[in-house]
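Breakdown of the fold
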Amino acid sequence: MSVDLTTTYLGLELKNPLVASSTPMTGTLDGVRRLEEAGIGAIVLPSVFEEEIEHEAMEMQRLMERGTDSFAESLSGYFPEFEDYATRTESYLRHITEAREAVTIPVIGSLNGTTNGGWVNYAKRIEDAGADALELNVYLIPTDPETVGAEIEQRYLDLVWEVNEQVSIPVAVKVGPYFSSLPNMAVRLTEAGADAIVLFNRFYQPDIDLVELEVEPRVDLSSSQDLLLPLRWVALLTGRVDADFAVTSGVHTAADVIKSLLVGADVAMMASALLKNGAGHAATVLAEMEAWLDEHEYASVDQLRGSMAVGTAPNPDAFVRANYMKMLVTYTNPWV
Ligand SMILES: Cc1cc2nc3c(=O)[nH]c(=O)nc-3n(C[C@H](O)[C@H](O)[C@H](O)COP(=O)(O)O)c2cc1C
């Protein structure tokens, strides 16, 4: 029996729900082609950062005015290779156009920023370059103790609204898990224009190098254990928030994709597993997923999707609380 894996995400027709998340792998044409060959449903390109776009604009102005650029110099200590950025924003647009021509699967552009401002115009350029949709990654870590949560949330909403104003393609918003009320935030993000919510941004945590006494930025690839957080939240949000959902963080195996679908995700995004195993890993995951669905007599992914969502259950608060208590109370102390 053949299983229907087709999926709709952001209004786009995908041949299956496995999406290559934003990483350097989707930043090359070779990577994009290999992912399509492995059967991936769609790709998200690496992000262009607000700082890159603003720097390009500043550089342009400086060249035109031939004035001093003490601000750019003061920033350069924080943002190494800043001089390359002006060209990167242009080559990014070229990459979108070339990727769009090279493959038939949907190509999703990615913007990464935190503030509402002129740089947001770049969203329109991503659309004009041929992207099928846009993912907006809001990577915002509050550092000022005077700033209250409501102000931070408003920044997200203003940014989503502004980006949405620029484009007519669908917009997905990638956020972290740290909101006091994620369900309320998810509803307001959709009201501000988000067509999909991508859960969750991983907040890379720098370590400290004790030899050099320096901050040591590092990227730790995820494991399937990291899936549990987005799984819980998509399970609670599905059916209550009028948006598509993408799971990102911890999608490594066919089982991880199936679990994501069961809680209601429209797509499961994969980054670390592809970086670790190569683009071909997508083909293995898809074959295993199809075999599982077949074995369990599912005719399509639509039939499976959301069957373990809990947000629309009669009393989700009590459900969450009961599970928590059960887990703690039934744990047996191994030392007695
Ligand atoms: C090396 C690397 C580069 C990444 N670059 C981006 C990026 O440019 N924009 C973005 O939104 N996410 C970026 N991510 C995050 C991934 O898209 C993904 O959301 C995250 O790694 C969690 O998924 P995973 O558990 O499958 O790795 C990057 C991740 C890695 C490991």
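Below is a short write-up of the structure. (Residues numbered from 1 in each chain as written. Predicted model: local features only at pLDDT ≥ 70, side-chain atom pairs only at ≥ 80, totals over all residues.)

Here the focus is the packing of helix α6 (residues 149-166) against helix α7 (residues 182-191). α7 packs onto α6 with a crossing angle of 25° between their chain directions and a minimal axis gap of 9 Å. One way to sum up the angle between α6 and α7 is to call them roughly parallel. The two elements α6 and α7 meet at a crossing, and its hand is right-handed. Here α6 contributes E153, Y156, L157 and V160 to the contact with α7, which in turn contributes M185, R188 and L189. Here the residues of the contact of α6 with α7 are counted per class, giving 5 nonpolar, no polar and 2 charged. (Axes fitted to C-alpha atoms, helices over the stretch in contact; angles between N-to-C directions. Helix = DSSP H or I, 4+ residues; strand = E, 2+ residues; numbered from the N terminus. Parallel < 35°, antiparallel > 145°, perpendicular 65-115°, else oblique. Left-handed = near helix turned anticlockwise from the far one by under 90°. Contact = placed C-beta atoms within 7 Å. Nonpolar A, V, L, I, M, F, W, Y, C, P; charged D, E, K, R; others polar.)

This part takes up the pairing of strand β8 (residues 196-199). Where burial is concerned, the two faces of β8 agree: the one with A196 and V198 and the one with I197 and L199 are both buried. Note that strand β7 (residues 171-175) and β8 share 4 bridges and pair parallel. Bridged to A172 within β8 is A196. In the classification by handedness, the crossover that spans β7, the intervening α7 and the parallel β8 is right-handed. Pairing between β8 and strand β11 (residues 244-247): 4 bridges, direction parallel. Note on β11: the bridge partner recorded for L199 is V247. (Buried ≥ 20, exposed ≤ 12 C-beta atoms within 10 Å, placed from the backbone. Pairing = 2+ DSSP bridges. Right-handed = clockwise from strand over helix to strand, strands pointing away.)

Spatial ordering of the closed barrel is given by β3-β4-β5-β6-β7-β8-β11-β12, a layout of 8 strands whose pairing is parallel. Each strand axis lies, on average, 30° off the axis of its neighbour in the sheet, ignoring direction. Two strands pair when backbone bridges link them, and strand β3 (residues 18-20) and strand β4 (residues 42-49) are joined in this way by 2 bridges, in the parallel orientation. Bridge assignment links A20 to a residue of β4, and that residue is I43.

With 90 residues, the main nonpolar core has I43, L134, V173, I197 and A246 as its most contacted residues. Discounting residues that sit within four places of it in the chain, A246 has contacts with Y9, V19, A172, A196, V198, A265, D266, V267 and M269. (Core = buried A, V, L, I, M, F, W, Y, C linked by C-beta atoms within 7 Å.)

Looking now at the pairing of β4. Note on strand geometry: in a regular strand, side chains alternate between the two faces of the sheet. In terms of residue burial, β4 counts as a mostly covered element, since 7 of its 8 residues are buried. For β4 and strand β5 (residues 107-113), the ladder comprises 5 bridges, and the chain directions are parallel. Note that in β5 the partner of S47 across the bridge is S110.

Glancing now at helix α13 (residues 316-329). With 14 residues, α13 extends 20 Å between its outermost C-alpha atoms, agreeing within 8% with the 20 Å of an ideal straight helix rising 1.5 Å per residue. Little of α13 sits out of view: just 0 of its 14 residues are buried. (Expected span 1.5 Å × (residues − 1).)

Attention now goes to the site of the ligand. The local shell around the ligand holds 24 residues, among which S21, S47, S222, A271 and S272 are the closest. Per element, the largest residue contribution to the shell around the ligand is 3 residues, and it comes from helix α10 (residues 272-277). Grouping the amino acids of the shell around the ligand by side-chain chemistry returns 9 nonpolar, 12 polar and 3 charged. (Near = placed C-beta within 6 Å.)

Within the fold, L35 resides in helix α1 (residues 29-37). Placed 117 residues apart in sequence, L35 and I152 show a C-alpha to C-alpha distance of 36 Å. Filtering out sequence-adjacent residues up to four positions away, L35 remains in contact with A20, T26, I40, I43, A279 and A282.

All right, on to helix α9 (residues 254-262) then. With respect to burial, α9 is a largely interior element, 7 of its 9 residues being buried. Along α9, the positions that sit buried rather than exposed are A254, D256, V257, I258, K259, S260 and L261. Buried residues belonging to α9 abut β3, α8 (228-237), β11, β12 (267-270), α11 (281-295) and α12 (301-304). Among the residues trailing α9, G264 stands out with phi positive, at a value near 120°.

A few words now on unusual backbone geometry. With an omega of 0°, the peptide bond between L199 and F200 qualifies as cis. Position of F200 relative to the elements: it lies in the loop between β8 and β9 (207-209). If you check the backbone angles, S249 has positive phi at about 115° while not being a glycine. Take S249: it is sitting in the loop between β11 and α9. Accessibility expressed as a C-beta count within 10 Å gives 24 for S249, which makes it buried.

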